[in-house]
Amino acid sequence: MRNPLSVITCQAAIAWTANAPLSIEKIEVDPPKPGEVRIKIISSGICGTDKHILEGKDKVPLPAILGHEGAGIVESIGEGLIRCQLLFRSAF
Ligand SMILES: [Zn+2]
C-alpha cells in the first residue's frame, strides 16, 4: 500500500471539448483531504448524462473527466473518517 499522503499518477479519459474524441492522458491526483476518500477505480461507465455533455447538449465546464457511475476500492482515507476502511469496495 502506498503512502496515503502522496500524489498519485493515474490514467483518465478527458473531455477537452464537446463533439471530440476523449483524450487518454496521465493525471496527478492529490491525496484525500479531511472527510474525503481516494478510490482506485476498477470500472466506470459513460451514462446518458455524460453522452449529452460530450454532444454539447448539457453545458458543463470542460475539460472534465466523465464517468461518474463507477466501482472501485478505497485506496486512501482523509482525516476524520471513522466509518470507512482501506480496501472497502465502493460503487457510485
Ligand atoms: Zn449518470
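Owing to the predicted nature of the structure, the values given are computational and were not obtained by experimental measurement.

Participant: Would you take a moment to explain the overall build of the protein chain for this structure?
Facilitator: Per the secondary structure count, the protein chain includes one helix and six strands. Ordering the α and β elements of the protein chain from the N terminus gives β-β-β-α-β-β-β. Across the 92 residues that make up the protein chain, the buried fraction comes to 8%. Sequence separation of at least 24 residues holds for 57% of the intrachain contacts in the protein chain that already meet a minimum separation of 6.

Participant: Even after reading the chapter, I still don't get the pairing of strand β2 (residues 23-29), so can you show me in this structure?
Facilitator: Where a strand is regular, its side chains alternate between the two sheet faces. With zero of its seven residues buried, β2 lies for the most part at the surface. Of the pairings in the sheet, the one linking strand β1 (residues 8-15) to β2 comprises seven bridges and is antiparallel in character. In the sheet register, A12 faces β2, and the bridge partner there is E25.

Participant: Even after reading the chapter, I still don't get the sheet that holds β1, so can you show me in this structure?
Facilitator: Two modes of strand pairing occur in sheets, parallel and antiparallel, and in both the strands are linked by backbone hydrogen bonds. Taken together, three strands build an open sheet; the order of strands is β2-β1-β4 and the sheet is antiparallel. The two strands at the open ends of the sheet, each matched to only one other strand, are β2 and β4 (64-65).

Participant: How do you make sense of the environment of C10 when you look at a structure like this?
Facilitator: Of note, C10 is situated in strand β1. Between the C-alpha atom of C10 and that of K40, which follows or precedes it by 30 residues, the distance is 9.3 Å. If we skip the residues at most four places from it in the chain, C10 touches I27 and V29.

Participant: Got a minute to help me understand the environment of L86 in this structure?
Facilitator: Within the element layout of this structure, L86 appears in the loop between β5 (69-77) and β6 (89-91). Its 12 C-beta neighbours within 10 Å are what place L86 among the exposed residues. For the pair formed by L86 and P34, sequence separation is 52 residues and the distance between their alpha carbons is 15 Å.

Participant: Looking at this structure, I do not really get unusual backbone geometry. What am I missing?
Facilitator: Phi is mostly negative for residues that are not glycine, and the peptide bonds are mostly trans. Backbone torsion omega between L62 and P63 reads 10°, so that peptide bond is classified as cis. With respect to the helices and strands, P63 occurs in the loop between α1 (48-54) and β4. At N19, a residue that is not glycine, the phi angle is positive and equals roughly 60°.

Rules used in this analysis
Residues numbered from 1 in each chain as written. Predicted model: local features only at pLDDT ≥ 70, side-chain atom pairs only at ≥ 80, totals over all residues. Helix = DSSP H or I, 4+ residues; strand = E, 2+ residues; numbered from the N terminus. Buried ≥ 20, exposed ≤ 12 C-beta atoms within 10 Å, placed from the backbone. Contact = placed C-beta atoms within 7 Å. Pairing = 2+ DSSP bridges.

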